[in-house]
Each structure stands twice: as C-alpha cells, then as structure tokens.
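Observations on the model geometry
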Amino acid sequence: MKKRFILILLFFYFYGITNNYGQQLGFSISDNKKKVEIPFDIYNNLIVVPVVLNDKLPLKFIIDTGVRTSILTEKSFGDIINLSYSRKYTISGLGGENLIDAYVTNNVSLTLPGVKGRGHALLVLAEDYLELRNYLGTDVHGILGYELFSRFIVDIDYDRKIMTLTSPDYFKKGKKFQEIPMNIVDTKPYINATVVFDDKTKKDVRLMVDSGASHGLRLEPDSAKNILPPEKSIDAILGRGLGGVMGGKIGRIDMFQLAENICWENVITSFPEDHDFLDSLKTVGLQRDGSIGGEILTRFKVIFNFPHEKLYLKPSKGFKNRFTYNLSGLTIKAKGSKLDVFEVIEVRKGSSGALAGIKEGDQIIKVNGTSSKVLHLNNINAALNYREGKKIRLVIQRDNEKLTVKFRLHSII
C-alpha cells in the first residue's frame, strides 16, 4: 500500500529553534566545488540520504521541504555520541493526549557525501514516535529540510536517484523545464494550482510542496472554500505522526492542473477531517488549501530554487502513470531487527484482501511464490498495488497455521 502519510504531522515545525551559540547555520560543498551529486534511495516516495552526525555516527535522513529544523528521531542515537541538550519540550498530541518529549541540542555537524554542515541546531525526539523504520521498511534516523534548501539549488532526479546540490551563483536550469513561481513563507514552499471537482466546480488553490510526505494531492475540506470530498469516497487513515493518527476520506477529483501543460485527470486526493489539528500546523495569516507530496513529485525531475523562489519541473518516465490507492486493502508494517517480518496491521473493510479472508495480525510469508525473507517492504507494497486485476497469491502465518490466499487487486475509488 502506498501510505500517504508518515511525515505530515510534526508539531515542531513552527518552533523556530535557533542555535544558542550564535553560529550561523551553514552547509558548504567540500573542496570549493560548484556542485555535488548525492545518491539517494526512495522509500514510499520519500528521499533518504546518508548523513554522518558529528563526524562519528553514520545515519540516514529524509529530505523534507516541510521541515524547518533538522530532526533526530530517537534520543538513543544522540546518547551514543554524548550529545548535550539545552532545552526540553513536552507537546500534547490530538485531543491533548499522547504527550511527546523532545530535546534541543546545538552546534552539531551534519555531513552528507561531499557536503559539510557546521553549527546546526537539532531537535531530538525522546523516543521513536514516528516509527519510520517500520512503515518504510528501512532504518531511518532523522529528517533534514530548510537548512539544506536555503543554501543550494536542489535538483532531485527521481529516476536516477541522484540529488544535485548547486551553489546559487552557478545554477543553470537546463532545457525543457517548466518554471513555476514559488513563495517561501515561514521556511516552507508554496505554489498555486487549479483543481476541478467531480461536479465540475473549479477552484484555484494554494498548496505547500512537501517532499517529506508520500501522498500525491491533499486538500483541506472547508465548505466556505467549496473544498469537499467527492460523493464517491472512502474513509481512510491519512496520517500517522507525532500527534497520533489522522483520519479522513480519499476520493478522485476530476482534474488537477499544476501548471500550463501539466495536468492529470481522476487524481486520487485525500481530505483530512482533523481540522483543528491541521490548523495548529499552519503559518499564521497564510491561506493554505492543502499540499502536494511525493506521489506527484516523483513524476518529475524537480529543481527547488528557494533563494529565488522558483520551482522547475520536467516530466519523467512516470508522469502519465495512473493514480491508484491501496488496491489490496492491506496496510503492512515491517518488524524485527532486520525488518524482515511483515505484519498486516490494517485490513480495509470490503477490500479484495478482506474478502480473501486476511486478518489483522497475519504475517506475510510469501508473495507470488517469493519468500518474504528476500523481499523489502517496498517490494511487497509494490506487488500489492501493481495494477487493477493483477492476481495475488499470498502465504500467510496466522498463529501456528500457514494459509494460502488468492485474490485480484481491485480499486474501489
């Protein structure tokens, strides 16, 4: 399943953490080079790069345009290299529950291949509240955002899995890129777009560009804005983050136009229901109608030019791919020290997986004859969302019994 959530709910985006030592946050390309290429991996539409913390601890961070301050997802990693903490925050989640502890450490170094960062502040979560490794199926230890984008022109080639950082003075956008105006407000990028709903209502919208969210298009329902879920939509879990679980609806809108000559029909769109929670994440005084995430961005070669507030897009090989949503109805979580135990944690009512008899708690042993021991969570999710009508054969473990189930992938929206 393409989980369109993971990183949408970080309360600390808006705290404006600064470095108490008075040092300027700064990344620089090594050896005075003009640009550097950094290989990355993609998990559930998210970009993951290697980062070394304080020249000692090799970790993996997500590249996220929606994050102001770098985040370390679990304090135990900082304790390994004896990080010291200047402040502690305790934040409540949805409904005033799910208390979250986080710490601030200053003057840390963050090193990427060919790039050195000195004098950074880092927000450190007390525990692994996000469970990124379990939902992505790989070890992920942190999140890196604005501090990188503010220093460089960031070119993300999703097809080649290469991120190129270029000093602004030496940037040339190249041919066949479409330029889109982009406003940076409170460290986050916003663009304007147009949506057409299933009743042919047309609306101009303001969207945050969020590389750290795996969804495609998200719109925030508000009757005054005429943004409402389509009549044919389903209840779904849209987000799991620091504050808890966000519910809402998912459906298709008639058309989404990102720019001239860049549009799609029948676009899967999510509509959150937790309005109060979303409001707590907005910049004061800024109209925001939603966001675009990784499922849209992966259809392009994307260049973020924060210094000059421009976004450049060039369609990639996946540009025309059909938008789909969880054709099996199963949500899978990777567990175990090697992340090679795959447990069904959610079965959507009425889905093909549910009709085949799969239950929460079942463990997937084989997928179409291939043992799960040689598969990654990415592989399993891809197989379970391949195309409508595709035959799926799973061997599952339920308590002490192994069962074989067969079904065809089916879209209900």
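Scroll up to find the structure this text is about.
Here's what I pulled together on the structure shown here. (Residues numbered from 1 in each chain as written. Predicted model: local features only at pLDDT ≥ 70, side-chain atom pairs only at ≥ 80, totals over all residues. Heavy atoms only, no water.)

By the definition in use, this model includes 15 salt bridges. Where Asp55 meets Lys116, a salt bridge forms, and the shortest distance between an N and an O atom there is 2.1 Å. Placement of the pair is Asp55 in the loop between strand 4 (46–53) and strand 5 (57–63) and Lys116 in strand 9 (residues 115–125), with a sequence separation of 61 residues. Here Asp155 makes a salt bridge to Lys301, at a shortest N to O gap of 3.8 Å. Taken as a pair, Asp155 in strand 11 (residues 153–157) and Lys301 in strand 22 (residues 300–305) lie far apart in primary sequence, 146 residues in all. Relative accessible area serves as the criterion here: at 14%, Asp155 is assigned to the buried category. Look at Lys301 and you get partly exposed, because its relative accessible area is 22%. Connected via shared salt-bridge partners are Asp55, Lys116 and Arg118. (Salt bridge = Lys/Arg side-chain N within 4 Å of Asp/Glu carboxyl O. Helix = DSSP H or I, 4+ residues; strand = E, 2+ residues; numbered from the N terminus. Buried < 20%, exposed > 50% of the residue type's maximum accessible area, 1.4 Å probe, protein only.)

Here His141 shows up in the loop between helix 2 (132–136) and strand 10 (142–144). The sequence separation of His141 and Phe77 amounts to 64 residues, and the corresponding C-alpha distance is 8.1 Å. For His141, the residues in contact, after removing those within four places along its chain, are Leu59, Lys60, Phe61, Ile71, Leu72, Thr73 and Phe77. (Contact = heavy atoms within 4.5 Å.)

With that out of the way, let us pick up the sheet that holds strand 13 (residues 178–181). If you trace the 6 strands from one edge of the open sheet to the other, you get 2-12-11-22-23-13, paired in antiparallel fashion. Because the sheet does not close on itself, it has two edges, and the strands there are strand 2 (35–39) and strand 13. Along the sheet, successive strands turn relative to each other by an average axial angle of 20°, direction set aside. Where strand 22 meets strand 23 (residues 310–315), 6 bridges bridge the pair, whose relative direction is antiparallel. Bridging across to strand 23, Lys301 finds its partner in Lys314. (Pairing = 2+ DSSP bridges. Axes fitted to C-alpha atoms, helices over the stretch in contact; angles between N-to-C directions.)

A few words on the packing of aromatic side chains. Under the counting rule described, the total for this entry stands at 12 aromatic pairs. Where Tyr85 meets Tyr103, the ring centres are 5.4 Å apart and the plane angle is 50°; that geometry is what we call tilted. Placement of Tyr85 in the loop between helix 1 (75–80) and strand 7 (87–91) and of Tyr103 in strand 8 (residues 100–112) is noted, with a sequence separation of 18 residues between them. Relative accessible area serves as the criterion here: at 23%, Tyr85 is assigned to the partly exposed category. (Phe/Tyr/Trp six-rings, centres within 6.5 Å; stacked < 30°, edge-to-face > 60°.)

One can find Arg348 in the loop between strand 25 (341–347) and helix 6 (352–355). For the buried Arg348, no salt bridge exists, and the shortest N-O distance to an oppositely charged side chain is 7.4 Å, to Glu346. Among the polar contacts made by the side chain of Arg348, one reaches the main-chain carbonyl oxygen of Asn326 at a distance of 3.3 Å. Setting aside its immediate chain neighbours within four residues, Arg348 contacts Ile234, Tyr325, Asn326, Gly329, Ala354 and Ile412. (Lys, Arg positive; Asp, Glu negative; His and termini not counted. Polar contact = N/O pair within 3.5 Å; in protein donor to acceptor, adjacent residues only side chain to side chain.)

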